[in-house]
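Observations on the model geometry
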Amino acid sequence: MILKIKDKLRENVESIIHILNELRCEHIKPLKNNEIRWGGNNGSKINIKTLAYVSYSHNHKGDVITMVSLLKNIELGQAIKWLAEELNLSYEYNKVEIQLPFGAFFKKYNKVIDDDVSIPKTYPIERLDDYELACNKLWVADGISLKTQEYFGIRFDHQSNRIVIPHFNEEGELVGAMGRINAKDIGDKVSKYLGLIPFSKSKVLYGLDKNYNAILENDILYIFEAEKSTILMHEYGIDFSVALGGKEIHERQKQLIKSMCISCCVLCLDEGLTEEEIKEEAKKIKILNPFFKNKVGYIFDDDNTYLKKDSKKSPIDDGLKIFFKLLDEKVRWLDE
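A short tour of the structure in this document, coming up. Everything numeric here is computed off the predicted structure, so don't read it as measured data.

Another point: the sheet that holds strand β15 (residues 295-299). Judged by pairing direction, the sheet is mixed, and its five strands sit side by side in the order β11-β10-β12-β15-β16 without closing on themselves. Looking at which strands have only one partner, the edges of the open sheet turn out to be β11 (241-243) and β16 (331-333). Averaged over all pairs of adjacent strands, the angle between their axes in this sheet comes to 25°, without regard to strand direction. As paired strands, β15 and β16 are joined by three bridges and run antiparallel to one another. Among the inter-strand pairings, Ile 299 is bridged to a residue of β16, identified as Val 331. On the sheet, helix α11 (residues 275-283) packs against β12 (264-268), β15 and β16 and is oriented at approximately 150° with respect to β15.

This brings us to the sheet that holds strand β8 (residues 174-181). Strand order across the open sheet formed by four strands is β6-β7-β8-β9, with antiparallel pairing between neighbours. Of all strands in the sheet, those with a lone pairing partner are β6 (155-157) and β9 (193-197), marking the two edges. The sheet shows a mean angle of 35° between the axes of neighbouring strands, taken without regard to direction. Where strand β7 (residues 162-168) meets β8, seven bridges bridge the pair, whose relative direction is antiparallel. Counterpart to Pro 166 in the pairing with β8 is Ala 177.

Turning next to the side chain of Ser 259. Locating Ser 259 in the fold gives a position in helix α10 (residues 251-259). On the basis of relative accessibility, which here comes to 6%, the residue Ser 259 falls in the buried class. Of the polar contacts made by the side chain of Ser 259, one reaches the backbone oxygen of Leu 256; its length is 2.8 Å. Apart from the residues lying within four places of it in its own chain, the contact partners of Ser 259 are Ile 2, Leu 3, Lys 6 and Arg 10.

In this structure, Asn 34 is a non-glycine residue whose phi angle is positive, near 70°. Within the secondary structure, Asn 34 is located in the loop between β1 (29-30) and β2 (35-38). The class of Asn 34 is partly exposed, set by a relative accessible area of 29%. Even without glycine at this site, Leu 51 takes up a positive phi of about 65°. With respect to the element layout, Leu 51 can be found in the loop between β3 (44-47) and β4 (52-55). The exposure class of Leu 51 is buried, given its relative accessible area of 0%.

As a further point, take the pairing of β7. Burial runs high along β7: seven of the seven residues are buried. Of the two faces of β7, the one holding Arg 162, Val 164, Pro 166 and Phe 168 and the one holding Ile 163, Ile 165 and His 167 are both buried throughout. Direction of pairing for β6 relative to β7: antiparallel, over a ladder of three bridges. Residue pairing for β7: Phe 156 is matched across the bridge by Ile 163. Remark: four residues form the turn of the hairpin made by β6 and β7, two consecutive strands paired antiparallel; Asn 161 in that turn has positive phi of roughly 55°. With antiparallel pairing between neighbouring strands as the criterion, β7 and β8 make up a hairpin whose turn holds five residues, including Gly 172 at a positive phi of roughly 85°.

Here the focus is the nonpolar core. For soluble globular proteins, nonpolar side chains are generally found buried alongside one another. Among the nonpolar cores identified, the biggest contains 83 residues, and Ile 5, Ile 19, Met 67, Leu 221, Tyr 222, Leu 267 and Phe 323 are the most heavily contacted of them. For this core, the element with the most residues is helix α4 (residues 76-86), which contributes six residues. Discounting chain neighbours no more than four positions away, the residues touching Leu 267 are Ile 223, Leu 244, Ile 249, Ile 278, Glu 281, Ala 282, Gly 297, Tyr 298 and Ile 299. With ten residues, the next largest nonpolar core counts Leu 128, Val 164, Leu 196 and Ile 197 among its residues.

Between helix α1 (residues 2-9) and α10, the shortest axis-to-axis distance is 10 Å and the interhelical angle comes to 50°. By the angle between their directions, the pair α1 and α10 is classed as oblique. Handedness of the α1/α10 crossing: left-handed. On α10, the residues touching Ile 2, Leu 3 and Lys 6 of α1 are Arg 252, Gln 255, Leu 256 and Ser 259. In terms of residue class, the contact of α1 with α10 is built from three nonpolar, two polar and two charged.

Moving on: helix α3 (residues 64-72). Inspection of α3 places Val 64, Ile 65, Thr 66, Met 67, Val 68 and Ser 69 among the buried residues, and these make up the whole buried set. Measuring from the backbone nitrogen of Ile 65 back to the side-chain oxygen at the start of α3 gives 3.0 Å, which picks out Asp 63 as the cap. Asn 73 sits one or two positions beyond α3 and adopts a positive phi of about 55°.

To continue, consider the packing of aromatic side chains. Taken as a whole and assessed by the stated rule, the structure comprises seven aromatic pairs. Plain terms: the ring middles of Trp 38 and Tyr 53 are 6.0 Å apart, the flat faces sit at 10° to each other, and that makes the pair stacked. Here Tyr 53 lies in strand β4 and Trp 38 lies in strand β2, a separation of 15 residues in the sequence. Each member of the pair Trp 38 and Tyr 53 is classed as buried. Summarising the aromatic geometry, the rings of Phe 323 and Phe 324 are spaced 6.2 Å apart at their centres and angled 45° between planes, so their arrangement reads as tilted. The structure contains a cluster of three or more aromatic residues connected by ring pairs, namely Tyr 222, Phe 224, Phe 240, Phe 323 and Phe 324.

What counts and how
Residues numbered from 1 in each chain as written. Predicted model: local features only at pLDDT ≥ 70, side-chain atom pairs only at ≥ 80, totals over all residues. Heavy atoms only, no water. Pairing = 2+ DSSP bridges. Helix = DSSP H or I, 4+ residues; strand = E, 2+ residues; numbered from the N terminus. Axes fitted to C-alpha atoms, helices over the stretch in contact; angles between N-to-C directions. Contact = heavy atoms within 4.5 Å. Buried < 20%, exposed > 50% of the residue type's maximum accessible area, 1.4 Å probe, protein only. Polar contact = N/O pair within 3.5 Å; in protein donor to acceptor, adjacent residues only side chain to side chain. Core = buried A, V, L, I, M, F, W, Y, C linked by side-chain atoms within 4.5 Å. Parallel < 35°, antiparallel > 145°, perpendicular 65-115°, else oblique. Left-handed = near helix turned anticlockwise from the far one by under 90°. Nonpolar A, V, L, I, M, F, W, Y, C, P; charged D, E, K, R; others polar. Phe/Tyr/Trp six-rings, centres within 6.5 Å; stacked < 30°, edge-to-face > 60°.

Next comes the structure, spelled out in structure tokens:
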């Protein structure tokens, strides 16, 4: 729904002013520099092309979504629903739910699923009641505290012996759940991840519902493969990251990333890919247009200084110190 809202509002001065009036903003003034200001010199402004929002009076930086959340004093998901209602936008869920065991998809449907940008199907939150609300020692040993596991709603499935990782859409609604095998050593015949509540990971960015505000406030985004990496980042106090759920940036994920108009994005994929493979993914989120350009980079430890060859490790797996070294020494920027 974020994509629909921004598509409807971008460069639509009349609709933006309607929203501002509904929020009871005063002294609204459209300007020639693609901005609308209100509240006087020390008030607020919104860019009609990027929908970036700055409030000097509230000391806040974000976008039209966080603006509504702030001014109405409601949660991000409620702000999205309010905007959708004001703009007469309807929800259209994807009906293509083709699935194989272990969460894989038939290859011949890959292109269809990749190009599909419809809103993912949601489930009642009670669907998670099938799994025990419990933290696990395996992740504690990896540095993920019980408090952080609770924050992300981690559960456990005794039947499959898997750590349950719920996935939510941008509004905080349940769209599915992955199960990670509860073991350090995983045999060749055992799938590390299993879809417990079926959904298409290509349609969501894990952690976006919790990190949306921080991403916009800091104007930087770290993009990882696995959910665990975003969870670890939170453990270290960094809440401007998301996870793809795989090695590729799919169409809806790409559009979500671009819609935020973040100045700096760094792709942090696991060890094992070639530079060309990583670079091709990074190119997907590069924005080059007259009113906004972003800086896009990717981590590539070419000589395996920090990421051991064939380890398949995430750049955050060995802690914040190594992660910062990778950022300082191993980031390659597009167009440089």
